[in-house]
Amino acid sequence: MALTSPVTSSQETSPQAERQDAKAGSQVVSTEVVLKRLQVLSRNGPLFALSFLAFWVAWARPGLQFLVCLCLYDGFLTMVDLNHSALLADLAVSASDRTRLNFHCSVFSALGSFSVFLSYSFWDKEDFFSFRLFCVVLAAFSMLGFILVSRLLQRRFENEARLRQEEALLLKELSVGHAPFTQQEKPVTIREYLRQLSKHRNFMWFVSMNLVQVFHCHFNNNFFPLFLEHLLSDSISASTGSILLGISYIAPHLNNLYFLTLCQRYGVYEVIRWLFMLKLGLSVAMLLAGADHIYLLCIFIASNRVFTEGTCKLLKLVISDLVDEDFVLNRRQQAASALLFGMVALVTKPGQTLAPLIGTWLLCVYTGYDIFERAPVKDSLVAVPAVAPGPGTPPLRLGCFYMLVFVPITCALLQLASWSRFTLHGRKLQGIKTQRQGAQHGHLIDVKAI
C-alpha cells in the first residue's frame, strides 16, 4: 500500500518499495518463535485471570492473601505483557503492518475496558457478593478467551510452519552444493548483552525518555482520584467523577486509533514529538489560566491522562523498531524481541515506583498534607495560612493544581530533550528494516529463539 508522507516521515519510501516492504515484512516472522510465544500465553493467560480472581475470594489471612496475590498477579502480568508485546515485533517488520496490528489491538483493548463501567453497577462496599460474582464471570470469560484464541493462532501457525518446512526442503534439494554458508551464532552471556545495549545509543536515549513517560503515566494513575476530589469535587457529583474515571481508561484506546492513522502518514517519531509539545503547551496554558476555570480544568485533567496513556501505547512501535536495529547492529540470526521488551520494562521500572513517592512528598512539603495521616506536618516548608490567596483557593487545592501542571511541564521538557537525540527514524529506519529483511531472507532455515 502506497503511503503519502513528507520527507521527514519514518515511512518515507516510494510506493513500489513500500509494497515490497509490506510483502517482505509479512514473511520475516519465524513461526517457531511465534508458536513459543502463543504457548506461553495459553499457559500464563488463564493463570493471570485466576490471580486476579484470588484477590476477591477470601482464602487466607488478609495480609498474607494480599502479599501472595500481588506477587502472583504481577508475575503472570509480566509474562503475558512481555510475550504479547514481543509478538508485535515478531509478526511483522514493515511499519504499515505493525501500525495495523497495533490498531486492531487498540480496538479490542477499548472493548475490554468497558468492563470498568459494568463494575460500577455491581459495586457495593457494604456487600461484596454481587461484585465477587461479577469478578468470577469476568475471570472465566478471560480464561476462555486466552485458551481459545491462543489455540486458534497456534493451529494457524503450525499449518504455516509445515508449509514453510516443505518449501525449505524443496529449496535445499534444488540448491545442493550451492547453499550459502551460515555461521552458527555463539551464545550471548548477559554481561555481553548488557555491553551491547550500552553501546546502542538509540536504546539509551529511548529508555531515558520512556523512564519519564512511565513516571508520568503512573503519576496520573495514582493522583487522578485525588485531583478529582480536591479540584473538582465542589463542582461535579460523585457519580460524574466515577464516570470520568471510567472514561479515562477507555478514551486512550479510542484516541490511539486516531494516533495510529497519523503514524501511517507522518511516522511514529513525529507523532510522539507532537504529543510531547502538546503536553507542554496545554500545561503552560492551564498554568496561566489558573485553578478557578472549572471547565478548562476538567478538559485539561482528561486530556492530560488521555494523551499520556496514548503516548505509552505508541511506544511499543518504537521498541519494535529498536528490535530491528539491535538485530542489524549485532548481526543476530534471530531478533531478541522479548528480551529487548523486557530490558525496557526493567530499566523503566523505577519510574513506576518513584511516581507515588515523589508525588506524595511534593504534596506534603508544599501543603503539609499527608495522605496517610491526614494531618498537617509541622515542618512544612510552606505555612498553611500564608499559601491561601483567598477563601476560594485553600492550600491543598492550590498544591494539587501546581502538581497537576508542573509535573507535565517538567516531564515534557525532559522528554523533548531526550527525543531530539533519538535518530531511528526517516531514511535510517527504512535502511534498518531493509537490512533486517535481507539478512533473514538470506538464511534457508536458521531459527534460534533468544
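Heads up: the structure comes first, above all this text.
Residues numbered from 1 in each chain as written. Predicted model: local features only at pLDDT ≥ 70, side-chain atom pairs only at ≥ 80, totals over all residues. Heavy atoms only, no water.

S.K.: It is not clear to me how the packing of helix α8 (residues 201-231) against helix α13 (residues 349-367) should be interpreted in this structure. Could you clarify?
M.R.: For the pair α8 and α13, the least separation of the axes is 8 Å and the interaxial angle reads 50 degrees. Regarding the angle of α8 to α13, the classification is oblique. When you trace α8 past α13, the crossing you get is right-handed. Facing α8, whose interface residues are L211, V214, F215, H218, F219, N222, F223 and L226, α13 presents P350, G351, Q352, L354, A355, P356, I358, G359, T360 and L363. Along the lines of polarity and charge, the residues of the contact of α8 with α13 split into 12 nonpolar, 6 polar and no charged. (Axes fitted to C-alpha atoms, helices over the stretch in contact; angles between N-to-C directions. Helix = DSSP H or I, 4+ residues; strand = E, 2+ residues; numbered from the N terminus. Parallel < 35°, antiparallel > 145°, perpendicular 65-115°, else oblique. Left-handed = near helix turned anticlockwise from the far one by under 90°. Contact = heavy atoms within 4.5 Å. Nonpolar A, V, L, I, M, F, W, Y, C, P; charged D, E, K, R; others polar.)

S.K.: What am I meant to see in empty space enclosed by the protein here?
M.R.: Empty space among the atoms becomes apparent when a probe as large as a water molecule is rolled across them. Scanning all chains against the criterion turns up 4 cavities of 30 Å³ or more. Looking at the second largest cavity, its volume works out to about 70 Å³. Contributing elements (two or more residues each) for the lining of the second largest cavity: α10 (268-289) and α11 (294-329). A total of 6 residues in the lining of the second largest cavity trace back to one element, the largest contributor, which is α11. Class assignment for the residues of the lining of the second largest cavity results in 4 nonpolar, 5 polar and 1 charged. (1 Å grid on protein atoms, 1.4 Å probe; cavity = no way out; pocket = protein on both sides within 12 Å on 5 of 7 lines; lining within 4 Å. Points joined across faces, edges and corners; volume = space filled by probe spheres on them.)

S.K.: Looking at this structure, I do not really get the packing of aromatic side chains. What am I missing?
M.R.: Between two aromatic rings, the relevant description is the distance of the centres plus the angle of the planes. As enumerated under the stated definition, the model contains 20 aromatic pairs in all. Ring centres of Y266 and W274 lie 5.1 Å apart, and the angle between their planes is 65 degrees; on these two criteria the pair is classed as edge-to-face. Here Y266 falls in the partly exposed class, since its relative accessible area comes to 22%. Its guanidinium or amino end placed over the ring of F157, R156 lies 5.8 Å from that ring's centre, counting from NZ or CZ. The side chain of R305 reaches across the aromatic face of F224, ending 5.3 Å from its centre. (Phe/Tyr/Trp six-rings, centres within 6.5 Å; stacked < 30°, edge-to-face > 60°. Buried < 20%, exposed > 50% of the residue type's maximum accessible area, 1.4 Å probe, protein only. Lys NZ or Arg CZ within 6 Å of the ring centre and 35° of its normal.)

S.K.: Explain the state of the cysteines here, please?
M.R.: By definition, a disulfide links the sulfur atoms of two cysteine residues through a covalent bond. By the definition in use, this model includes 1 disulfide. Between C217 and C312 runs a disulfide, and the two sulfur atoms are separated by 2.4 Å. Between C217 and C312, the S-S dihedral sits near 95 degrees, and the bridge is therefore right-handed. Note that C217 is positioned in helix α8 and C312 in helix α11, a separation of 95 residues in sequence. Not engaged in a disulfide, the cysteine C71 finds its nearest cysteine sulfur in C69; these two sulfurs lie 9.4 Å apart. (Disulfide = S-S within 2.5 Å.)

S.K.: Can you walk me through the pattern of salt bridges in this structure?
M.R.: Where charged atoms from two side chains of opposite charge come close, those side chains can pair. Counted under the stated rule, the structure contains 11 salt bridges. Across the salt bridge formed by D324 and R436, the nearest N and O atoms sit 2.4 Å from each other. Placement of the pair is D324 in helix α11 and R436 in helix α16 (residues 427-441), with a sequence separation of 112 residues. (Salt bridge = Lys/Arg side-chain N within 4 Å of Asp/Glu carboxyl O.)

S.K.: What's the story with the nonpolar core in this structure? I'm lost.
M.R.: F203, F206, I272, L314, V318, W419 and F422 are the most contacted members of the largest nonpolar core, which totals 39 residues. Elements that contribute at least two residues to this core include exactly α3 (62-91), α7 (190-198), α8, α9 (238-266), α10, α11, α12 (337-347) and α16. A per-element tally of this core places α11 first, with 9 residues. The next biggest cluster of nonpolar side chains, apart from the first, holds 26 residues, and it includes L231, A355, L363 and C400. (Core = buried A, V, L, I, M, F, W, Y, C linked by side-chain atoms within 4.5 Å.)

Honestly, that's just the spatial picture; any functional story needs more than this.
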